[in-house]
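Secondary and tertiary structure notes
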Amino acid sequence: MLFTYDAIATAVAAHGLAVRGGFAVAADDGVPECSPGWPAATVLMIGNTGRGMWDAFAATESRGPDPLDRWTRAVVAPIAATFGATAIYPFDQPPFPFQRWAQRGWPLFYSPLGLLIDNEFGLWHALRAALLFPDPLLLPTLPAQTSPCESCVAKPCLVACPIDAFSASGFDYQGCRNYLHSLASQPCRDQGCGARNACPVGARHRYPDAQVHFHMRAFRR
Ligand code: B12
């Protein structure tokens, strides 16, 4: 019985979050110890999918810097403590390889934008925490899937950006940020990243406008 997995899925769902799979830790995963002398045996990934998290987060007091990161800690840390896990976060410094770990536990694939794509939620999902357990946990078996980008011939994501910030050499982060401070970037600021919006996969799970604006403001700063 997937007792811990299911129980944590229920606990995080109360905050609009989801368990995004898990994996048995291998030596080259770069997973830190749960606590000194206690290596992690299992990792469960926690994330947000589609419109799930925004209402829960937006209902909370959010004055001060990094409100989403603070909210994430506030909801995840007590759940981790209840289940004897150690929580680590994608915003910890130096960054842990969350995208690599996420692919160990769930069928997620690199899109041409560098964001991981999910067959159901498309680009409308992100990672919020990883729970480290010192014991082996039972994990669900996931069906094998292929990347939806493989059969996407038109790749509208790659032609939607007004400054061609996405290329074979990666994401032109500075170019994007500079452009977002220009008047011409109004559509990106109003509607969110045109490249992300152009992806047809999981389009019905697009974040609510308020969330799109929130992430855009944070990125632009
Ligand atoms: C630093 C960072 C950024 C920086 C990148 C700076 C730079 N010069 O590269 C900036 C500020 C630009 C940025 C922007 C965004 N980011 Co960011 N970012 C991160 C962060 C915190 C660390 C990444 C890192 O260095 N990891 C360390 C390495 C060792 O880990 P890794 O998993 O092995 O990383 C590998 C992959 O990233 C891989 N890789 C990266 N891109 C690509 C592309 C392809 C095609 C391939 C094959 C591999 C590949 O190379 C890395 C080295 O092996 C992660 C969170 C995290 N902890 O991972 C979020 C993260 C990657 N970002 C995320 C998001 C959503 C964004 C934004 C969309 C934010 C927004 N506006 O909403 C933008 C757009 C980014 C884009 N289009 O690529 C999400 C991605 C979710 C997803 N679906 O995959 C993450 C995982 C955070 C989260 N909470 O979920 N980000």
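What comes next concerns the included structure.

The next thing to look at is the overall build of the protein. Tallying secondary structure elements over the protein gives eight helices and eight strands in all. By the compact-globule yardstick of 17 Å for 221 residues, the protein fits well, its C-alpha radius of gyration being 18 Å. The C-alpha extent of the protein, read off along each of the three principal axes, is 50 × 40 × 30 Å. Residues classed as buried in the protein amount to 41% of the 221 residues present. Long-range contacts, defined as pairs at least 24 residues apart, comprise 70% of the intrachain contacts of the protein with a sequence gap of at least 6. Surface summary for the protein: the accessible area is close to 11500 Å², and the carbon and sulfur share equals 58%.

Now for the pattern of salt bridges. For the structure shown, the criterion picks out four salt bridges. The shortest N-O distance in the salt bridge between Asp29 and Arg104 comes to 2.8 Å. Taken as a pair, Asp29 in the loop between β1 (18-24) and β2 (42-49) and Arg104 in helix α4 (residues 98-105) lie far apart in primary sequence, 75 residues in all. One salt bridge connects Arg73 with Asp92, and the closest N-O pair in it is separated by 3.6 Å.

Calculation notes
- Residues numbered from 1 in each chain as written.
- Predicted model: local features only at pLDDT ≥ 70, side-chain atom pairs only at ≥ 80, totals over all residues.
- Heavy atoms only, no water.
- Helix = DSSP H or I, 4+ residues; strand = E, 2+ residues; numbered from the N terminus.
- Rg over C-alpha atoms; globule rule 2.2 N^0.38 Å.
- Buried < 20%, exposed > 50% of the residue type's maximum accessible area, 1.4 Å probe, protein only.
- Contact = heavy atoms within 4.5 Å.
- Areas by Shrake-Rupley, 256 points an atom, 1.4 Å probe, with all protein chains shown as cover.
- Salt bridge = Lys/Arg side-chain N within 4 Å of Asp/Glu carboxyl O.

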